[in-house]
Amino acid sequence: MANQYAALTGDYTFDTAHSRIGFVARHAMVTKVRGSFNEFEGSAHLDGDNPANSSGQVTIQAKSIDTRNSQRDEHLRSNDFLDMGTHPEITFVSSSIKQTGDETFAVAGDLSIRGVTKPVEIAFEFTGSATDPMGNERVGLEGSVVINRKDFGVSWNAALEGGGVLVSEKVTLEIEISAIKNT
């Protein structure tokens, strides 16, 4: 059987208008707050014959955090959380990629938040490929990873009167990528 990914080999640029980099954190131990970063750029090299030779990277502008609440967003941009004045960018650079199933991949790499770089492994699912009406070759990938924000120096919190804390330490990063093959 021929490799279903061989034809996808090439260099890609993230289509940010059709991609999302978001997060989910528990708030007050009772609900989840979802947000996203509205300004980012990324690229990938896909090697369909040998996924281990693939790579990817993304740069996120911390100031673009959006939780649909301006007061909360300002707090998240502050020194209590992202410290965007000192660390304006969040970055991820892959270090290895391995195929884990027919349409699943483990992408390991270095995630840098607030000037702290730690290794993470993101589970991705290949969601398809298509030629759009403008003739662009596209691929789709969706992934997620749970990180502990304290590992990246994001340690602010507030105790709740009944016990527990205001913001969870664990944060789920959600990545939905539509990438266009460079011509």
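Note that the structure is predicted; figures quoted are calculated from it, not measured. (Residues numbered from 1 in each chain as written. Predicted model: local features only at pLDDT ≥ 70, side-chain atom pairs only at ≥ 80, totals over all residues. Heavy atoms only, no water.)

**Comments concerning the packing of aromatic side chains**
Put simply, the rule is: Aromatic rings from Phe, Tyr and Trp, with only the six-membered ring used for Trp, were paired whenever their centres fell within 6.5 Å, and each pair was classed as stacked if the ring planes differed by under 30 degrees, edge-to-face if by over 60, and tilted otherwise. For the purposes of this entry, the term helix denotes a DSSP run of H or I that reaches at least four residues, the term strand denotes a run of E that reaches at least two, and both are numbered from the N terminus. Type-normalised accessible area, obtained with a 1.4 Å probe on protein chains alone, sets the label of each residue: buried when under 20%, exposed when over 50%, and partly exposed for intermediate values.
By the definition in use, this model includes 3 aromatic pairs. Taking 5.6 Å as the distance between ring centres and 70° as the angle between the ring planes, the aromatic pair formed by Y5 and F105 counts as edge-to-face. Of this pair, Y5 sits in the segment before β1 (10-14) while F105 sits in strand β8 (residues 104-113), placing them 100 residues apart in sequence. Ring geometry for Y5 against F126: centres 5.0 Å apart, planes inclined by 90°, an arrangement best described as edge-to-face. A residue pair is termed long-range when its members are at least 10 positions apart, and Y5 in the segment before β1 and F126 in strand β9 (residues 116-131) qualify at 121 residues. The class of Y5 is buried, set by a relative accessible area of 6%. Overall, F126 belongs to the buried group, its relative accessible area being 11%. Here the aromatic residues Y5, F105 and F126 are joined through ring pairs into a cluster of three or more.

**Notes on the environment of A25**
By secondary structure assignment, the location of A25 is in strand β2 (residues 20-27). In this structure A25 comes out as buried when scored by relative accessible area, which is 12%. In this structure the C-alpha to C-alpha distance between A25 and R149, which are 124 residues apart in sequence, comes to 9.9 Å.

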